[in-house]
Amino acid sequence: QVQLVESGGGLVQPGGSLRLSCAVSGIIFGANNMAWYRQAPGKDREWVASIGSSGSTLLADSVKGRFAISRDNAKNSVYLQMNSLKPEDTAVYYCFTRDSGRGYWGQGTQVTVSS
């Protein structure tokens, strides 16, 4: 059974930082690409960042220079370091992977950026 469990969300002031974690089980983690998405209230879910099995990364233009994605294959985990947070970063953040042709989502973690 594939499971993705996000953690690390919360309330932070503009300009602050948070680190999200996603613990994965049920797949050969090191062989899978991983991604983070987010969904703000009233908006569609949008892609934020991806990391390949080799460690190569891609970031959405809206978060380049502020966010970083990383992985620890020994811990079956993927991370999203978020710096210089803005109110428009407020959303539920989801971890995603695809395995054997099927997509899997975590339950999401809320990030709220507000003073």
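To keep things clear, this report deals only with the structure shown in the data block.

Once the charged atoms of two side chains with opposite charge are near each other, the side chains can pair. What the rule picks out here adds up to 4 salt bridges. In this structure, R66 engages D89 in a salt bridge whose closest nitrogen and oxygen atoms are separated by 2.7 Å. On the criterion of sequence distance, the pair formed by R66 in the loop between strand 6 (57-59) and strand 7 (67-72) and D89 in the loop between strand 8 (77-82) and strand 9 (91-99) is long-range, its members being 23 residues apart. The same class applies to R66 as to D89, namely buried.

In this section: the state of the cysteines. Summed over the entire model, instances satisfying the criterion amount to 1 disulfide. Disulfide pairing is shown between C22 and C95; the S-S distance is 2.2 Å. Residues C22 and C95 are joined by a disulfide whose S-S torsion is about -90°; by sign, that bridge is left-handed. Here C95 lies in strand 9 and C22 lies in strand 3 (residues 18-25), a separation of 73 residues in the sequence. Pair check on accessibility: C22 and C95 agree, each one buried.

What follows covers the sheet that holds strand 3. If you trace the 4 strands from one edge of the open sheet to the other, you get 1-3-8-7, paired in antiparallel fashion. The sheet terminates laterally at strand 1 (3-7) and strand 7, the two strands that pair on one side only. Recorded for the sheet is a direction-independent mean angle of 15° between the axes of neighbouring strands. Here 5 bridges tie strand 1 to strand 3, and the two strands are oriented antiparallel to one another. In the sheet register, Q3 faces strand 3, and the bridge partner there is S25.

Before going further, it helps to examine the environment of Q110. Position of Q110 relative to the elements: it lies in strand 11 (residues 109-113). Distance from Q110 to Q39, taken between C-alpha atoms, is 9.5 Å for residues 71 residues apart in sequence. Excluding anything up to four places from it in sequence, Q110 contacts G9, G10, T90, A91 and V92. Of note is the side chain of Q110, whose polar atom sits 3.4 Å from the backbone oxygen of A91. Here T112 takes part through its side chain, which lies 3.3 Å from a polar atom of the side chain of Q110.

Okay, the nonpolar core next. Counting 29 residues, the largest nonpolar core has W36, V78, L80, M82 and Y93 as the members making the most contacts within it. Only strand 3, strand 4 (34-39), strand 5 (46-51), strand 7, strand 8, strand 9 and strand 11 provide two or more residues apiece to this core. Broken down by element, this core gets its largest block of residues, 4 residues, from strand 3.

Here is what the cut-offs are and how they apply
- Residues numbered from 1 in each chain as written.
- Predicted model: local features only at pLDDT ≥ 70, side-chain atom pairs only at ≥ 80, totals over all residues.
- Heavy atoms only, no water.
- Salt bridge = Lys/Arg side-chain N within 4 Å of Asp/Glu carboxyl O.
- Helix = DSSP H or I, 4+ residues; strand = E, 2+ residues; numbered from the N terminus.
- Buried < 20%, exposed > 50% of the residue type's maximum accessible area, 1.4 Å probe, protein only.
- Disulfide = S-S within 2.5 Å.
- Pairing = 2+ DSSP bridges.
- Axes fitted to C-alpha atoms, helices over the stretch in contact; angles between N-to-C directions.
- Contact = heavy atoms within 4.5 Å.
- Polar contact = N/O pair within 3.5 Å; in protein donor to acceptor, adjacent residues only side chain to side chain.
- Core = buried A, V, L, I, M, F, W, Y, C linked by side-chain atoms within 4.5 Å.

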